[in-house]
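# A structural walkthrough
As a plain string of letters, each chain reads:
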Amino acid sequence: MITMDWDGFDPWRVTPLTHTFTDHPLLQRDALVELGKRCRGTNRWYSFNDGVTPGTDFDAAASLYPCGRSAVDSLRAIESAKAWVLLRHIQADPTYRSLVDLAFEPIQAKIERKDPGVYYRAGWIFSASAHTVTPFHIDRSHVLLLQVAGTKTVYVWDPYDPETIDDETRDAFHARHDLSHARWREEFREHAHVFQLAPGEGVYMPLTSPHMVETSDEASTTISFTYDTAATRRMGKVHVLRDALNRIGIHAPPVGKHGAFDAAAWLASSALVAVGGPGGKPPACPSLRRRYTYAVAD
Ligand SMILES: [Fe+2]
């Protein structure tokens, strides 16, 4: 069960949470090793070593800093592996889909009081050695991040903080899954929300809130549950249209400052997405085109 201040819940505000998933059998080492085995030969895992820094290109981290052993062997001995292992899209595994449902069923109505239309449920499990880093990045969904074992520090910035990631970078990210314009600077730490998470604690991060994570001097297990809503879908589409305009040299006003422009962009983008134009096919998120109950393993 995930607990937040649901009465005060603002879907666009970074918010601490607590949870009761720490002792769940599917989140213990032996179960994760078995899930890792079932992910072999698929794209449902990703790993790199402890050479990665906050500024490493997340998409290139696996090839720049490969692990010395397989993901399954790293999961089995994460204390000594000097590795960061992600088991992606766990909802694609029938056993773990039940865990994703267990997380959402008690809270979906609470979320939807403020942020209706929840869809595109997904789960992601991070098993990481001491002193490993999740590079600075943004995600295409709202994120509920839950610390299960060990400790880590999560740095997260407000979803529309202009000093860390600008509108044009978000435009390219939504339209083309292009993160290359997101650049890390050490001074960002000074105005981050900083969460030092222990088991049973977590944080809610709204759509495209920039974040970066460092483990402590012990190994860590974390699970994230992610989802989209009518509002995230609308925001994604606004960015897709802005990206198309940027590419022909037309610079749109700041997101959220001109309601009429954003509404027109949303309508135009919806038409383009529906016919498979910009935003209507990968590398844009499949959630923009269809309201799948569960995320598509892309
Ligand atoms: Fe993330």
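Residues numbered from 1 in each chain as written. Predicted model: local features only at pLDDT ≥ 70, side-chain atom pairs only at ≥ 80, totals over all residues.

## Description of the overall build of the chain
A count of helices and strands for the chain gives nine helices and 12 strands. Here the C-alpha radius of gyration of the chain, 19 Å, is about what a compact globule of 298 residues would show, namely 19 Å. In terms of its C-alpha atoms, the chain occupies a principal-axis envelope of roughly 55 × 40 × 40 Å. A total of 298 residues make up the chain; the buried ones form 44% of that total. Partitioning the contacts of the chain with sequence separation of at least 6, the portion at a separation of at least 24 is 81%. (Helix = DSSP H or I, 4+ residues; strand = E, 2+ residues; numbered from the N terminus. Rg over C-alpha atoms; globule rule 2.2 N^0.38 Å. Buried ≥ 20, exposed ≤ 12 C-beta atoms within 10 Å, placed from the backbone. Contact = placed C-beta atoms within 7 Å.)

## Examining the environment of Leu35
In this structure, Leu35 sits in helix α1 (residues 29-39). For Leu35, a count of 21 C-beta atoms within 10 Å gives the class buried. Each C-alpha atom of the pair Leu35 and Ala268 lies 42 Å from the other, and the pair is 233 residues apart in sequence. Beyond its immediate stretch of four places on either side in the chain, Leu35 contacts Leu87, Ile90, Asp93 and Tyr96.

## Quick look at the packing of helix α7 (residues 167-176) against helix α8 (residues 230-247)
Contact geometry for α7 and α8: axes closest at 7 Å, N-to-C directions at 105°. Judged on the interaxial angle alone, α8 and α7 are roughly perpendicular. Counted together, Asp167, Glu168, Arg170, Asp171, Ala172, His174, Ala175 and Arg176 of α7 and Gly236, His239, Val240, Arg242, Asp243 and Asn246 of α8 form the full contact between these two elements. Taken together, the residues that form the contact of α7 with α8 break down as three nonpolar, four polar and seven charged. (Axes fitted to C-alpha atoms, helices over the stretch in contact; angles between N-to-C directions. Parallel < 35°, antiparallel > 145°, perpendicular 65-115°, else oblique. Nonpolar A, V, L, I, M, F, W, Y, C, P; charged D, E, K, R; others polar.)

## Focus on the sheet that holds strand β12 (residues 220-228)
Across the sheet, eight strands lie side by side as β1-β2-β10-β7-β12-β5-β4-β3; this open sheet has antiparallel pairing. Looking at which strands have only one partner, the edges of the open sheet turn out to be β1 (2-3) and β3 (45-49). Taken together, the seven bridges between strand β7 (residues 142-149) and β12 define a ladder with antiparallel strand orientation. Looking at β12, one finds that Leu144 is bridged to Phe225. Strands in contact with α1 are β3, β4 (83-87) and β5 (119-128); relative to β4, the strand with the most contacts, it is inclined by about 70°. (Pairing = 2+ DSSP bridges.)

## A few points about the nonpolar core
Leu87, Val154, Val203 and Ile223 are the most contacted members of the largest nonpolar core, which totals 73 residues. Counting residues per element, this core draws most heavily on β5, at six residues. When residues are assigned to domains, this core turns out to be shared by domain 1 (2-166 + 173-229) and domain 2 (231-288), each giving three or more. Not counting chain neighbours up to four residues away, the residues in contact with Val154 comprise Leu145, Phe195, Leu197, Val203, His211 and Val213. (Core = buried A, V, L, I, M, F, W, Y, C linked by C-beta atoms within 7 Å. Domains from an automatic or database assignment.)

## Brief notes about the domain arrangement of the chain
Once the domains are mapped, the chain shows domain 1 (2-166 + 173-229) and domain 2 (231-288). Between the C-alpha centres of domain 1 and domain 2 the distance comes to 26 Å. Each side of the interface is counted separately: domain 1 has 14 residues, and domain 2 has 16 residues. Looking at the side of domain 1 that touches domain 2 residue by residue, the class counts come to five nonpolar, five polar and four charged.

## With respect to the pairing of β5
On a regular strand, one side chain projects to one face of the sheet and the next to the other, so that they alternate. Taking burial as the measure, the 10 residues of β5 include nine buried ones, the bulk of the element. Taken together, the eight bridges between β5 and β12 define a ladder with antiparallel strand orientation. Looking at β12, one finds that Ala128 is bridged to Ser220.

## As for the sheet that holds strand β9 (residues 193-197)
If you walk across this open sheet you meet the four strands as β6-β11-β8-β9, and the pairing is antiparallel. The two strands at the open ends of the sheet, each matched to only one other strand, are β6 (133-137) and β9. Taking the axes of each pair of neighbouring strands and ignoring which way they run, one obtains an average angle of 15° across the sheet. Pairing of strand β8 (residues 152-156) with β9 involves five bridges; the strand directions are antiparallel. Across the sheet, Thr153 pairs through a bridge with Gln196, a residue of β9.

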